[in-house]
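Residue-level structural notes
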Amino acid sequence: MRLRRLVLISAVAVALGATLNAGAVAANGGQSDPSAQSLRTLAARHNLAIGTAVNMDALDDANDPKYRQLVASQFSTVTAENVMKWEVLEPTQGTYNWGPADELVAFAQKNHQKVRGHVLVWHNQLPAWLTDGVANGTISNTQLRDLLKKHITDVVKHFKGKIWQWDVVNEAASDPWDSPPAIHLKGFWAEHLGAGYIADAFRWARAADPNALLFYNDYNLEAFSDKGPSDKTFFVYNMIKQLRAQGVPVDGLGSQGHLGTQYGNYDTFQVKDALDAFSDLKLAVALTEVDARSQMTAGVLANDSNEINPRLQASAYNYSVLLQACLLNPHCISYTVWGFDDKHSWVPTWFTNPPEGLATLYDESYQPKKAYRMVQSDLLFAGPPFVLPRIPQTPRR
Ligand code: 9MR
């Protein structure tokens, strides 16, 4: 009798438990545990593309299947970290090396991902034949302009129809620490071709693919400072405003979002203000290269949690500020991280004195960090009335 009662009680308990669980599932809109949802699933609720820069060596590494699996499962857009740059695409003049970039595009298509093309005009990672030729005088400035036109035309045509957003011009503006401190156009292209190369580049890109969205992309554009001569965001804002007034086909502003936890950085509304200013020019906006690095002090390197924890928290906060600002502006169509794991991040190889790191969403063993959880929860908690679905951008004619 006792046994029977126990069995009965257990059966009722099991049934009740099942009902409660069913209730919990229903309360989640039929979804399972929200913390198990991928970033791309959560971002899709807002029609926001969430992306990563992709390191092709890692993607091709047969001993590292997890890298490939995470790119495919977590992200809905990809950017070539290096393989669409001029030095990789045309290492010898006239001989194109499309292989690695084509492979990334094929991977993206297979995984239903959009592609951000990076980058058509930049002063870094140019082929030696080009920079040497200019330096030794065998390439004149007129020839250089023709070569740039050919490069843009060939590359954009090669990928025509497969690229969602092109970073047409990258990092053309100086920084306040340059000389003179008033922001100006800097680097190889401005020095040899003058300011006109920017408008030319956008027009050539538009002619080669009328449907790709054309972006100006730069760093340290997260917020306005004093709107004076050394305010880079204000300089770029005025530059694009002028280009648009001249009918130059600029469709978007890429704010890279390379942050460091040692700096004061910004809050959500400061970043929103900057994004709003650009979208008021009828541009789409995108966060294109987000990461938030920290100094690797002796304590961090010795695994001292007193030093590691505040850095992981501050890094997560910075990811969140940029994402929340993006979510608050419906013209912010994508949020891309510049590598998703500390093992493949550009940061440790770039910043060595003092060493910096811990900049990405996952640690070196692909364990999600606080930043990953923060991005997940920001995407999860966002919704009307302040966060509305993205408004797609159409190319400017
Ligand atoms: O992540 C890229 C790294 O692998 C290259 O060595 C480096 C060379 O300049 O470029 C890095 O990517 C840059 C991007 O193309 C433009 N914005 C800044 C990025 C980080 O330096």
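Being a predicted model, the structure only gives us computed values, none of them experimental. (Residues numbered from 1 in each chain as written. Predicted model: local features only at pLDDT ≥ 70, side-chain atom pairs only at ≥ 80, totals over all residues. Heavy atoms only, no water.)

This next bit is on the nonpolar core. Grouped together as the largest cluster of nonpolar side chains are 105 residues, with contacts concentrated most on Trp166 and Tyr335. Beyond its immediate chain neighbours, meaning those up to four positions away, Tyr335 contacts Leu48, Ala49, Ile50, Gly51, Leu287, Val290, Tyr319, Leu322, Leu323 and Val375. One finds Ala49, Leu213, Ala286 and Ile333 within the second-largest nonpolar core, a separate group that totals 7 residues. (Core = buried A, V, L, I, M, F, W, Y, C linked by side-chain atoms within 4.5 Å. Buried < 20%, exposed > 50% of the residue type's maximum accessible area, 1.4 Å probe, protein only. Contact = heavy atoms within 4.5 Å.)

Let's shift gears to the confidence of the model for the protein. Summary statistics for the protein give a mean pLDDT of 93 and a share of 92% for residues scoring 70 or more. Note that residues 1-26 has pLDDT below 50 and, in this model, 2 contacts with residues that lie over four places away or in other chains. (pLDDT = per-residue confidence, 0-100.)

Once that is clear, we can look at empty space enclosed by the protein. Counted by the stated rule, this structure contains 2 cavities of 30 Å³ or more. In this model, the largest cavity occupies a volume close to 50 Å³. Together, Val121, Trp122, His123, Val169, Asn170, Glu171, Ala172, Lys186, Trp189 and Tyr197 line the largest cavity. For the lining of the largest cavity, the class distribution of residues is 6 nonpolar, 2 polar and 2 charged. Roughly 40 Å³ of internal volume is contained in the second largest cavity. Around the second largest cavity sit Lys85, Trp86, Val119, Leu120, Val121, Trp122, Asn124, Gln125 and Leu126, which together line it. Looking at which element gives the most residues to the lining of the second largest cavity, the answer is strand E3 (residues 114-121), with 3 residues. A breakdown of the residues in the lining of the second largest cavity according to their chemical character gives 6 nonpolar, 2 polar and 1 charged. (1 Å grid on protein atoms, 1.4 Å probe; cavity = no way out; pocket = protein on both sides within 12 Å on 5 of 7 lines; lining within 4 Å. Points joined across faces, edges and corners; volume = space filled by probe spheres on them. Nonpolar A, V, L, I, M, F, W, Y, C, P; charged D, E, K, R; others polar. Helix = DSSP H or I, 4+ residues; strand = E, 2+ residues; numbered from the N terminus.)

With that settled, consider the packing of helix H14 (residues 305-328) against helix H16 (residues 370-381). At a minimum axis separation of 8 Å, H14 and H16 run at an interaxial angle of 25°. Taken together, the axis directions place H14 and H16 in an arrangement best described as roughly parallel. The chirality of how H14 crosses H16 is right-handed. In this structure, H14 uses Leu312, Gln313, Ala316, Tyr317, Tyr319, Ser320, Leu323, Gln324 and Leu327 to contact H16, whose residues at the interface are Lys370, Ala371, Met374, Val375, Asp378 and Leu379. (Axes fitted to C-alpha atoms, helices over the stretch in contact; angles between N-to-C directions. Parallel < 35°, antiparallel > 145°, perpendicular 65-115°, else oblique. Left-handed = near helix turned anticlockwise from the far one by under 90°.)

Turning our attention to the environment of Ala371. Turning to its location among the elements, Ala371 is positioned in helix H16. Sequence spacing of Ala371 and Thr41 is 330 residues, and the spatial spacing of their C-alpha atoms is 17 Å. Each residue touching Ala371, except ones within four places of it in the same chain, is listed here: Ala316, Tyr319, Thr360 and Leu361.

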